[in-house]
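# Breakdown of the fold
What follows is each chain in one-letter form.
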Amino acid sequence: DSQVNVTDIVTIVGWILSADGSADTCNADVNGDNVVNVTDVVVIVGWILGGEARANINDAAQVDIIVTNDSIELDANGYVGGVQMTLSHGANFSIDLVNAFVADYRTTDNVTTLIVVTDNKSLEYIATVNGSFKIESAIVVNSNQEISDQSIVELKGLELKLAGPNPFNPSTSLNVVVPDAGNVTVKIYNIVGQHVATLADGYMERNASGYTLNWNASQMPSGVYLVRAETAGSISTQKLMLLK
């Protein structure tokens, strides 16, 4: 109709959710990459809102897609304008998208395609989910293009990982991934169950990359030690061997 407005956005979103996501000739392919997807929607939203007003946006160049037991979220180093995902799942699956400028999905059989686009604040929270699922594909866009440096991080429980040598002498390090903010304890026990050290005991914010904890066992005898990390409803353990 020779005008670019919300009608075009609604039309394109409907096409994305109902088609296979690829076309080599379509007026909706505004960035000219021969694919119609969330990137085109974000660009059009930028046009509608005015490019100059958005010129100072600190665009994200890297993003982690955080998957928990009941949510999908984003952790980016700058502005995220939109996301498009395809999820596979079982029959007992439901999803509730964040309230955004564009927030829509369509489920066919056991596959759900979703699209979320913001008109101002960077996207962080995407959806609340119920039931197991797998992200088959994801497109995350800043204010004008897809973010190529992206990864999927699953935070489905407290996780204690080895970050240093094992066996070790006399020190090593561990990494504790915290899925939800709360009190976390990390304690070390000897082979007979005696508590010999505490590496952490206090409040921690959620951290997908994890907190690094160091243990210097120079005063301890050689042997096997058990490290136990615990938070509300979640426990993770690691076995260490000190060889002097």
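Summarised in this report is the structure supplied together with it. (Residues numbered from 1 in each chain as written. Predicted model: local features only at pLDDT ≥ 70, side-chain atom pairs only at ≥ 80, totals over all residues. Heavy atoms only, no water.)

### Re the overall build of the chain
Of regular secondary structure, the chain possesses 2 helices and 16 strands. Rg of the C-alpha trace for the chain: 23 Å, well past the compact-globule value of 18 Å for 244 residues, more than 25% over. For the chain, the spread of C-alpha atoms along the three principal axes comes to 80 × 45 × 30 Å. Looking at the chain alone, contacts between residues at least 24 apart form 62% of all its contacts between residues at least 6 apart. Of the roughly 12500 Å² of accessible surface on the chain, 45% is carried by carbon and sulfur atoms. (Helix = DSSP H or I, 4+ residues; strand = E, 2+ residues; numbered from the N terminus. Rg over C-alpha atoms; globule rule 2.2 N^0.38 Å. Contact = heavy atoms within 4.5 Å. Areas by Shrake-Rupley, 256 points an atom, 1.4 Å probe, with all protein chains shown as cover.)

### Looking at the nonpolar core
Core analysis: the biggest nonpolar cluster contains 24 residues, and M85, L87 and I126 have the highest contact counts within it. Those elements that provide at least two residues to this core are strand 1 (62–68), strand 2 (71–76), strand 3 (82–89), strand 4 (94–97), strand 6 (111–117), strand 7 (125–130) and strand 8 (133–141). Per element, the largest residue contribution to this core is 4 residues, and it comes from strand 8. Core analysis: the next-biggest nonpolar cluster, separate from the first, contains 21 residues, V178, L213, Y225 and L240 among them. (Core = buried A, V, L, I, M, F, W, Y, C linked by side-chain atoms within 4.5 Å. Buried < 20%, exposed > 50% of the residue type's maximum accessible area, 1.4 Å probe, protein only.)

### Description of the packing of helix 1 (residues 6–18) against helix 2 (residues 38–49)
Helix 2 packs onto helix 1 with a crossing angle of 175 degrees between their chain directions and a minimal axis gap of 10 Å. When the axis of helix 1 is compared with that of helix 2, the two are roughly antiparallel. Contact residues: helix 1 offers V6, I9, I12, V13 and I16, while helix 2 offers V38, V41, I44, V45 and I48. Considered class by class, the residues forming the contact of helix 1 with helix 2 number 10 nonpolar, no polar and no charged. (Axes fitted to C-alpha atoms, helices over the stretch in contact; angles between N-to-C directions. Parallel < 35°, antiparallel > 145°, perpendicular 65-115°, else oblique. Nonpolar A, V, L, I, M, F, W, Y, C, P; charged D, E, K, R; others polar.)

### Some points on a nonpolar patch on the surface
A cluster of nonpolar side chains, namely V4, W47, I48 and L49, defines an oily patch on the protein surface of about 370 Å² accessible area. Tracing the backbone shows W47 in helix 2. (Patch = residues over 30% accessible without salt bridge, like charges linked within 9 Å, V, L, I, M, F, W, Y side chains within 5 Å. Salt bridge = Lys/Arg side-chain N within 4 Å of Asp/Glu carboxyl O.)

### Focus on the sheet that holds strand 7
Note on sheets: strands pair through backbone hydrogen bonds, and any given pair is parallel or antiparallel. One open sheet accounts for 5 strands, arranged 4-7-2-1-9; its pairing is mixed. Among the strands making up the open sheet, the edge pair consists of strand 4 and strand 9 (149–155). For this sheet, the mean angle separating the axes of adjacent strands, direction not counted, is 25 degrees. (Pairing = 2+ DSSP bridges.)

### Re the sheet that holds strand 8
As summarised here, the arrangement of the 4 strands in space is 5-6-3-8, forming an open sheet in which the pairing is antiparallel. Edge positions in the sheet fall to strand 5 (102–108) and strand 8, since each of these pairs with one other strand and no more. Ignoring strand direction, the axes of neighbouring strands in this sheet form an average angle of 10 degrees. Where strand 3 meets strand 8, 8 bridges bridge the pair, whose relative direction is antiparallel. By the bridge assignment, M85 is partnered in strand 8 with A138. In the packing of helix 1 onto the sheet, contacts are made with strand 3, strand 5 and strand 6, and the angle to strand 5 comes to roughly 25 degrees. Against the sheet, helix 2 contacts strand 3, strand 6 and strand 8, and its axis sits at roughly 20 degrees relative to strand 6.

### Description of the pattern of salt bridges
Under the defined criterion, the tally for this structure stands at 2 salt bridges. R206 is the partner of E73 in a salt bridge, and the nearest nitrogen-oxygen pair spans 2.9 Å. Here E73, found in strand 2, pairs with R206, found in the loop between strand 13 (195–204) and strand 14 (207–216); they are 133 residues apart in sequence, far enough to count as distant. Given the relative accessible area of 14%, E73 is considered buried. Across the salt bridge formed by R228 and E230, the nearest N and O atoms sit 3.3 Å from each other. Judged by its relative accessible area of 30%, R228 falls in the partly exposed class.

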